[in-house]
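# Commentary on secondary and tertiary structure
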Amino acid sequence: MMRFFCILLLSLSVFSSQADVSTSPKANMHETTETPSVVNDALIIQASKKLAASSLRKMPAQVKQFAEIEHPKVRYVLTQLMNGDLYYVKATKQIVTREKDTDGSYKIWHGISKAALPNVKRSALKKVKTNNAIRKSIRGLLAQLDLTSPDKGVRLAAMQELLSKPSDETVTLVKKLSLKEQDEDVLSLMNSVIYVQQLSSADAALQLEAAKALQNSLEPSVKNALEKTLAATDIKNIELRKALETAISKIEQKRSIFSIIENLFFGLSLGSVLLLAAIGLAITFGVMGVINMAHGEMIMLGAYTTYVIQQVFPQWIEYSLFMAIPAAFLVSGFVGILIERGVIRHLKGRPLETLLATFGISLILQQLVRSVFSPLNRQVAAPEWMSGSWQINPIFSLTYNRLYIIVFALMVFVALLLILKKSSLGLHVRAVAQNRDMARSLSIKSDWVDAATFGLGSGIAGIAGVVLSQLTNVGPNLGQAYIIDSFLVVVFGGVGNLWGTLVAAMTLGTVNKFLEPVTGSVLASIIVLVGLVLFIQKRPKGLFPQKGRAAD
Amino acid sequence: MQLKKLLIASSIVASGFISNLTFAADTIKVGVLHSLSGTMAISETTLKDTVLMMIEEQNKAGGLLGKKLEAVVVDPASNWPLFAEKTRELLAKEKVDVIFGCWTSVSRKSVLPVIEELNGLMFYPVQYEGEESSKNVFYTGAAPNQQAIPAVDYLMNDIGATRWVLAGTDYVYPRTTNKILKEYLKAKGVKDADIMINYTPFGHSDWQNIVSDIKKFGSTGKKTAVVSTINGDANIPFYKELGNQGISAEDIPVVAFSVGEEELSGFDTKPLVGHLAAWNYFQSVESDENEAFIANWKKYIGDDKRVTNDPMEATYIGFKMWAKAVEKVGTTDVDAVEQGIIGVAVPNLTGGTAVMNANHHLSKPVLIGEIQEDGQFEVVWETPDTVIGDAWSDFLPSSKNLISDWTAPVKCGNFDVKTAKCSGQNF
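Quick caveat: nothing in here was measured; it's all calculated off a predicted structure. (Residues numbered from 1 in each chain as written. Chains lettered and ligands numbered in written order. Predicted model: local features only at pLDDT ≥ 70, side-chain atom pairs only at ≥ 80, totals over all residues. Heavy atoms only, no water.)

## Concerning unusual backbone geometry
All names here are of chain B.
- The peptide bond linking Ala408 to Pro409 adopts the cis configuration, its omega dihedral lying at 5°.
- Phi at His360 is positive, roughly 65°, even though this residue is not glycine.
- Note on placement: His360 falls in the loop between strand S12 (353-355) and strand S13 (363-364).
- According to the relative accessible area criterion, His360 is buried, its value standing at 0%. (Helix = DSSP H or I, 4+ residues; strand = E, 2+ residues; numbered from the N terminus. Buried < 20%, exposed > 50% of the residue type's maximum accessible area, 1.4 Å probe, protein only.)

## Structural notes on the packing of helix H3 (residues 59-68) of chain A against helix H5 (residues 132-146) of chain A
Residues and elements named next belong to chain A.
- Across the interface, H3 lies against H5 with an axial gap of 10 Å and an inter-helix angle of 20°. When the axis of H3 is compared with that of H5, the two are roughly parallel. Relative to H5, H3 is oriented so that their crossing is right-handed. Across the interface between the two elements, Met59, Pro60, Val63, Lys64 and Ala67 of H3 pack against Ile134, Ser137, Ile138 and Leu141 of H5. (Axes fitted to C-alpha atoms, helices over the stretch in contact; angles between N-to-C directions. Parallel < 35°, antiparallel > 145°, perpendicular 65-115°, else oblique. Left-handed = near helix turned anticlockwise from the far one by under 90°. Contact = heavy atoms within 4.5 Å.)

## Focus: the environment of Met321 of chain B
Residues and elements named next belong to chain B.
- Relative to the assigned elements, Met321 resides in helix H11 (residues 310-329).
- What makes Met321 buried here is its relative accessible area of 0%.
- Residue contacts for Met321: discarding those within four places in its chain leaves Ile341, Val344, Val346, Ala354, Val355, Met356 and Leu362.

## Comments concerning the pairing of strand S6 (residues 396-399) of chain A
Residue and element names in this part refer to chain A.
- Neither face of S6 is left uncovered, since the one carrying Phe396 and Leu398 and the one carrying Ser397 and Thr399 both have all their residues buried.
- Bridge analysis of strand S5 (residues 389-393) against S6 gives four bridges, and the strand direction is antiparallel. Residue Asn393 lies in a different strand from S6, and its bridge partner there is Phe396.
- From the end of S5 to the start of S6, which pair antiparallel, there are two residues. (Pairing = 2+ DSSP bridges.)

## What to know about the domain arrangement of chain B
All names here are of chain B.
- Segmenting chain B into domains produces domain 1 (2-143 + 290-364) and domain 2 (145-282 + 367-388).
- Relative to domain 2, the C-alpha centre of domain 1 lies at a distance of 31 Å.
- Tallying the contact residues gives 28 residues for domain 1 and 24 residues for domain 2.
- The junction of domain 1 with domain 2 conceals about 2300 Å² of combined surface from both sides, 55% of it contributed by carbon and sulfur atoms.
- Ranking the residues of domain 1 by area buried against domain 2 places Gln127, Glu129 and Lys364 at the top, with a combined share of 25%.
- Linking domain 1 with domain 2 are zero salt bridges, by the criterion used here.
- The interface formed by domain 1 and domain 2 holds twelve residue pairs in polar contact (both at pLDDT 80 or more) in total.
- Residue assignment for the side of domain 1 that touches domain 2 shows that the elements contributing at least two residues are helix H2 (41-60), helix H10 (288-301), H11 and S13.
- Classifying every residue of the side of domain 1 that touches domain 2 by side-chain character gives ten nonpolar, twelve polar and six charged. (Domains from an automatic or database assignment. Buried area = accessible area lost by both parts, 1.4 Å probe. Salt bridge = Lys/Arg side-chain N within 4 Å of Asp/Glu carboxyl O. Polar contact = N/O pair within 3.5 Å; in protein donor to acceptor, adjacent residues only side chain to side chain. Nonpolar A, V, L, I, M, F, W, Y, C, P; charged D, E, K, R; others polar.)

## What about the interface of chain B and chain A?
- At the interface, 50 residues of chain B touch 47 residues of chain A.
- Roughly 3800 Å² is buried in total at the junction of chain B and chain A, and carbon and sulfur atoms are behind 40% of that figure.
- Summed over the three residues of chain B that lose the most area to chain A, namely Gln208, Asn244 and Glu250 of chain B, the buried surface amounts to 18% of that side.
- Connecting chain B to chain A are six salt bridges.
- Among the ionic pairs, Glu370 of chain B bridges to Arg135 of chain A, the shortest N-O distance being 3.1 Å.
- Our count for the chain B to chain A interface comes out at 16 residue pairs in polar contact (both at pLDDT 80 or more).
- Elements supplying a minimum of two residues to the side of chain B that touches chain A: H2, strand S7 (195-200), helix H7 (208-217), helix H8 (235-244) and strand S15 (377-382) of chain B.

## Describing the nonpolar core
- The biggest cluster of nonpolar side chains holds 111 residues, and the ones touching the most others in it are Met159, Leu199, Leu226, Leu275, Leu276 and Leu498 of chain A.
- Top element by residues in this core is helix H11 (residues 238-287) of chain A. It accounts for 23 residues.
- Built from parts of two domains, this core gets at least three residues from each of domain 2 (149-233) and domain 3 (257-383 + 407-551) of chain A.
- If we ignore the near neighbours within four places in the chain, the residues touching Leu226 of chain A are Leu199, Ala211, Leu214, Leu244, Ala247, Ile248 and Ile251 of chain A.
- The next biggest cluster of nonpolar side chains, apart from the first, holds 59 residues, and it includes Phe83, Val96, Tyr124 and Ala354 of chain B. (Core = buried A, V, L, I, M, F, W, Y, C linked by side-chain atoms within 4.5 Å.)

As structure tokens, this is what we get:
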């Protein structure tokens, strides 16, 4: 599986036509500090006051005017406005920016000169209004400004922004810039822009040239432009039509390959979430044979631990997950041991009672969380490095959080495998699982092993909770959503077999994700469930049944 | 000395008891039927608290008809059949004069037969799919024409959307709303190929390929908008995935009908900024009533960070209307209040007036707000006037000819204007 994943990633990097372009536009916010001419200084201040006083309706025109001023701070002010960080003093219409200090007070700066304004009160400020339309127009305007930026990533992003709707004036600009452009990626995008423009030219030869040149571009806007041209082309112009059709079908072909890879990635990522949720159960249910309906609540406790950690250390959000993983393991593991010692061990050999008792425990834990933390969902922040995506090419990107989760799930799996196979605890666990009486007579404390195993399984569930807190809501019902899936995975994979759990989780995830686009997600889960029932009919012990005497 | 203290204490306790007893015989009972446990507790607990706050306020102002109000709170535990049982308990055993309750449509449908059989009175405070009008229920939330249709108009006219994704959770409200929206869009000339409909189960958390599909659907060069009837919990992973896959509100705006201030308060709103919601109320609306309401709420709940939302306003309006109607007719008798409340007007929280119409629905303004970074909404558009709630959609063939009018002489929840017949069934 690992090797397969590596091959997948490798093949992706071969396919990718562009390097990482995820550089945020923010990186370029504070730049040049050359001294502006005095005339432009007065202009920009006047224009900025107009900006502050403008109504939403008149704003786009004001923004455009503002962008036309030649002043090094234009870009900075517009970026602030786009990010919703621009304020103005109600009385003077003076634009300012502000930032929250660690002690909760606000630092306020002059919007243009960036001089600190210690005398301005926060209550005297009002936000400069924006909406989607304004943000969009600012993005377009910034893209034009960015075309000359020294940073390659910024130029790339700017070109992509312009590609969707190239105006004559931008194309002339791009043509001029492309002569000087050194970077290949930016240049190819620039050429795309020029060719897209050329597609709509009146000269059929130029069109033909453009159609041929564009067949390797994956930008969605290129495909749209090609299709539009095809629809507008005269039927008699066979040569051009053919060229357009080939270009489109070539692009289509590539897109379908990427969409399969994308689905595979989605499947594996769903699979890894299932794996994390189920692997703890694979130990408690698979190895110990305890039907633990409170398993989902162990996951929930892990997620709440993450929340508590973030509340206690609000300044370390970026590292909170690393702290939460061991903490969640300990909290859930401890609760797991309590449950085992307090309830489950008294019900040994009575599966029905165990099921009912643990179900009761799950309800108690849910209500406990409701009483302690409120029934509302809690906010768990995602660290910066978990957000965003790795843009491999214009139509294919991998989201970072899913990527990390796949890797992390596999790490947990390997770690667990090592514990069971190599450590003395693992040896004892396996011994007790295979033959309790024999293990006892060899002086293994089976009670202690039971508690440790249950704690281990519950602890892993807690770790799953940390991961899920990044993907879904942290609320009292978090666990319920995953308990059924977890049981499905364990039963499908074969009780008591970790490898089976891995394969089952990945299979279920991938099958689900390949079915979903065809059938819709409701029907997809039904089909998976029915398929599973039929499979269990045929092979009651799952994919990888335990063999030999241990199976009885 | 000790004995004296004890005597005084016990007499105080006793007098308290006695006054309580006399009290109990002479109160107006208000039933509160909101889930306090289970999946819906997240939304409904707030409404229970709202009703309790309103009752407390009313009592401070002297109660109603010279009597104090007394809340009877029950917990239907997000269990739909239990809603019917608890309604029966409230009406038959507790003999409440009015019920404020329900959130999901399925719970309301479960309550309907009971409340009609025992002739109770219920105020339902949540936006819903319409296609219903019961004599015993007043719908203070939005009907589709007070939320969904204006939102689509806004996207079509102001944003210029020509391609539509209708995404919803798989149950009655999204299905019916999307049916209405689809008919509406087609009537506006949108082709089938430009409409993508997607349903997901409750609490769906893995949105990867749906978001990726939306991205592909939206990359054809036509302006694409998502109309989301995704319910509660599933929203947050949905928006997270949108953010992670780099879909911003500028490219593909999402307008949601179930995302309000309360839902956002449990969430890092960075990736949501600019996405839209359509409601009849936002906490950010500036008006004297709203300011007072928010201040009261924060004080009552003892948490300065708690937010207010649209269903709370609907509860507020419903309560005020009921109180006004009771005062108007001088009794809490269900039939008298039911007739008396029609035409009653109370100020809403957005600076206008809400009127109860003959079809048991309100006149409300429709607001579209953009999500801000602080989890609040900035109003970007609103209807010039209030919109009258329409119980039966004009865009569905099956309900085109139906109207609801509970005043004489029609007195019918589903009157067919073509055949001039009342189908007899009340909802």
